[in-house]
Amino acid sequence: MQLSVIGCGYLGAVHAASMASLGHTVVGIDVDQAKIAKLSAGEPPFHEPGLVDVLKDGLASGRLTFSTDYADLADAEVHFIGVGTPQRRDGQGADMTYVNAATDAILEHAKPGSLIAGKSTVPVGTAARLTELAATKGVRLAWNPEFLREGFAIKDTVDPDRLVYGVTDATRDEDTTTLDSVYASILERGTPRLVTNQPTAELVKVAANSFLATKISFINAMAEISEVTGADVTQLADAIGHDERIGRKFLNAGVGFGGGCLPKDIRAFTARAEELGKGESVAFLKQVDEINLRRRQRVVDLVVDSFDGQVYGHRVTVLGLAFKPDSDDIRDSPALDVAVRLKGLGAEVVSYDPEAMDTARRAHPQLDYADSLETALEGSEAVVVVTEWKQFKALDPAETLAKVARPVIFDGRNILDPAAWRDAGWTYTGMGR
């Protein structure tokens, strides 16, 4: 099929390249000329494992192209909207500027009978409004939410754990048939497919993210209790995780969640619920957000306390800048937030991340950045691990001891072995351990 993908950021670029890998002819469109130039040269503007190969294969095959001209989408049968919905600057809700602009641009050039498939995370009710707009041009609209995990985005696109189509009663069969054609090779492998109405499809993504955020903040709340009672939250999570109704995934206490989805999605969901007169239904999400933000400050407080309440002038190594490993995404990153807060208190902060150095440096040039892990550790008076990179987890406590000036380490992700580090002579502090 001939497809277009509007928006070539993280979601759009991955979706475009992945659809081309499935055999479709795809044009990715974005107004950012620099981004389009890089993608056209086979260079992703962000780090995502496996994307370079898929991108280059699509370009070499001729099935994948990128453009800044919306007229290039005219022949496409399906138009995917993959633009961002960031938090509004004047409130908690989602900024719909890019979704609205993408829809208008598609309708200016799309042929009648084609289908718009929204993938962006939007407030419930958006699809109904856009469906009415699309109908004036003879174009159909469905909502097809994405469920990508950064670091696993290619797999999650070509081998997802489910597909969701949000359609209207009027065009249910036609829209379902069209999307089945797009995902034919995926469906042949037995991937579950759920056909719902549009509001359900819109809610699926924000409901999933809200549940995951709640689970993370729950175990971090248990970490707060553990810290004042002497319990070990990691063992607690192992114990309750054996209950099949609970499960062990996302029960890792630490510095909390970040990124471009969970924080802004739970805030936007809360704002939309309040608009619908049902704010009390998701009022707990405000506490989920508060718990999450508290854990960042907790790490900072622990570091400051280790210097008897005054961190000014002390050399602190912050290991990690991205909000999660296998990514260079620093959006709402707890790791970067910790580094910035410590710097604001006067600490001599030296940061290192395997992939996020350039993006962090552009956003926060006031921080000092080491060009290697070894350089970051040299002369450190406190080491703070805040992103779960394998390189950090694999650190040898004895070898690391020889590099630092003061053997004090804060494990903001509980990825290190406390006994091994303490036996090597370190003062080790985890989160809720």
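What comes next concerns the included structure. Residue numbers restart at each chain and count upward from 1, following the sequence in its written direction. Local features in a predicted model are, by the rule used here, given only for residues with pLDDT of at least 70; side-chain atom pairs are given and counted only at 80 or more, and totals for whole chains, interfaces and linings are based on all residues. By convention in this description, side-chain values take in all heavy atoms of the structure and omit both hydrogens and water.

## A look at the nonpolar core
Remark: nonpolar core denotes a set of buried residues (Ala, Val, Leu, Ile, Met, Phe, Trp, Tyr, Cys) joined through side-chain atoms within 4.5 Å. Residue burial is assigned from relative accessible area. The probe radius is 1.4 Å, only protein chains are included, and a residue is buried under 20% of its type maximum, exposed over 50%, and partly exposed in between. Val303, Val316, Leu319, Leu342, Phe392 and Ile409 are the most contacted members of the largest nonpolar core, which has 50 residues in total. At the level of elements, α12 (284–306), β9 (315–319), α13 (334–344), β10 (348–352), α14 (357–363), α15 (373–377), β12 (382–385) and β13 (408–411) are the ones that each hand at least two residues to this core. Should any heavy atoms of two residues lie within 4.5 Å, those residues are considered in contact. Those residues in contact with phenylalanine 392 that sit more than four places away from it in its chain are Leu319, Gly320, Tyr352, Pro354, Leu373, Val385, Thr387, Ile415 and Leu416. Of all hydrophobic cores here, the second largest spans 35 residues; its members include Val14, Val78, Ala117 and Ala153. A run of H or I in DSSP becomes a helix once it reaches four residues, and a run of E becomes a strand once it reaches two; helices and strands are each numbered from the N terminus.

## Describing the environment of leucine 373
Mapping leucine 373 onto the fold places it in helix α15. Residue classification places leucine 373 among the buried residues on the basis of a relative accessible area of 12%. Setting aside chain neighbours within four positions, we find leucine 373 in contact with Leu319, Tyr352, Gln391, Phe392 and Leu395.

## Observations regarding the pattern of salt bridges
Between side chains of opposite charge, pairing is possible as soon as their charged atoms come close. Take a side-chain nitrogen of Lys or Arg and a carboxyl oxygen of Asp or Glu: if they are within 4 Å of each other, that pair is a salt bridge. Counted according to the given criterion, the structure contains 29 salt bridges. In this structure, arginine 267 engages aspartate 289 in a salt bridge whose closest nitrogen and oxygen atoms are separated by 2.8 Å. Note that arginine 267 is positioned in helix α11 (residues 262–275) and aspartate 289 in helix α12, a separation of 22 residues in sequence. Overall, the relative accessible area of 11% leaves aspartate 289 in the buried class. When salt bridges that share partners are traced, they join Arg267, Asp289, Arg296, Asp332, Asp337 and Arg341 into one network.

## Side note on helix α4 (residues 97–109)
Between its first and last C-alpha atoms α4 spans 19 Å; for 13 residues at 1.5 Å apiece the expected length is 18 Å, and the two agree. Within α4, the full set of buried residues consists of Val99, Ala102, Thr103, Ala105, Ile106 and Leu107. Looking at the buried side of α4, the elements it contacts are β1 (2–6), β4 (78–81), β5 (115–118) and α5 (126–135). Expected span, for any helix, means 1.5 Å times one less than how many residues it has.

## Examining the pairing of β13
Looking along a regular strand, one sees side chains alternate from face to face of the sheet. Here β13 shows a buried face lined by Val408 and Phe410 and a second buried face lined by Ile409 and Asp411. Two strands pair under a simple rule: DSSP has to find at least two bridges between them. Relative to β13, β12 runs parallel, the two being bridged by three bridges. Directly across from valine 385, in β13, lies its bridge partner aspartate 411. Here three bridges tie β13 to strand β14 (residues 427–429), and the two strands are oriented parallel to one another. Its bridge partner being in β14, valine 408 is matched across the sheet by threonine 427.

## Here's the deal with the packing of aromatic side chains
Any two aromatic rings considered together are summarised by their centre-to-centre distance and by the angle between their planes. Two rings from Phe, Tyr or Trp (for Trp, the six-membered ring) form a pair when their centres sit within 6.5 Å of each other. Planes less than 30 degrees apart are called stacked, planes more than 60 degrees apart edge-to-face, and all others tilted. Enumeration over the complete set of coordinates arrives at four aromatic pairs. An angle of 50 degrees between the planes, with centres 5.1 Å apart, marks the rings of tyrosine 10 and phenylalanine 46 as tilted. In this pair, tyrosine 10 sits in helix α1 (residues 10–21) while phenylalanine 46 sits in the loop between α2 (33–40) and α3 (51–61), placing the two residues 36 residues apart along the sequence. Its relative accessible area of 16% is what places tyrosine 10 among the buried residues. Lysine and arginine charges are scored as sitting over a ring when NZ or CZ, respectively, is within 6 Å of the ring centre and within 35 degrees of the ring normal. A cation over an aromatic ring shows up here: arginine 162 above the ring of phenylalanine 147, its NZ or CZ 3.6 Å from the ring centre.

## Details of the pairing of β10
For β10, a buried count of four out of five residues is recorded, marking the element as mostly surrounded by other parts of the structure. As for the winding sense of the linkage, the β-α-β connection from β9 through α13 to β10 is right-handed. Here the term right-handed applies to a crossover when the path leading from its first strand over the helix to its second strand runs clockwise, the strands being oriented away from the viewer. For the segment spanning β10, α14 and strand β11 (residues 368–369), crossover handedness is right-handed.

## Quick look at the sheet that holds β9
The sheet built from six strands is open, its strands ordered β11-β10-β9-β12-β13-β14 with parallel pairing. Two strands in the sheet have a free side with no partner beyond their single neighbour: β11 and β14. Angular values range over 0 to 180 degrees, each being the angle between N-to-C directions of two axes fitted as lines to C-alpha atoms, with helices fitted over their stretch in contact. Packing against the sheet, α12 makes contact with β9, β12, β13 and β14, and its axis sits at approximately 170 degrees to β13.

## Some points on α12
Residues separated by three or four positions in an α-helix point in the same direction, a consequence of the helix having 3.6 residues per turn. Compared with an ideal rise of 1.5 Å per residue, which puts 23 residues at 33 Å, α12 spans 33 Å between its outermost C-alpha atoms and is within 8% of the ideal. For α12, the set of buried residues is Leu285, Val288, Asp289, Ile291, Asn292, Arg295, Arg296, Val299, Val300, Leu302, Val303 and Val304. Backbone geometry just after α12 places aspartate 308 at a positive phi near 60 degrees.

## Concerning the side chain of threonine 191
Along the chain, threonine 191 falls in the loop between α8 (184–187) and β8 (193–197). A relative accessible area of 9% places threonine 191 in the buried class. Residues adjacent in sequence count toward polar contacts only when both atoms are side-chain atoms; beyond that, a polar contact is any pair of N or O atoms within 3.5 Å, and within protein one must be able to donate a hydrogen and the other to accept it. Side-chain polar atoms of threonine 191 contact the backbone oxygen of isoleucine 186, separated by 3.1 Å. Apart from the residues lying within four places of it in its own chain, the contact partners of threonine 191 are Pro160, Asp161, Arg162, Leu163 and Ile186.

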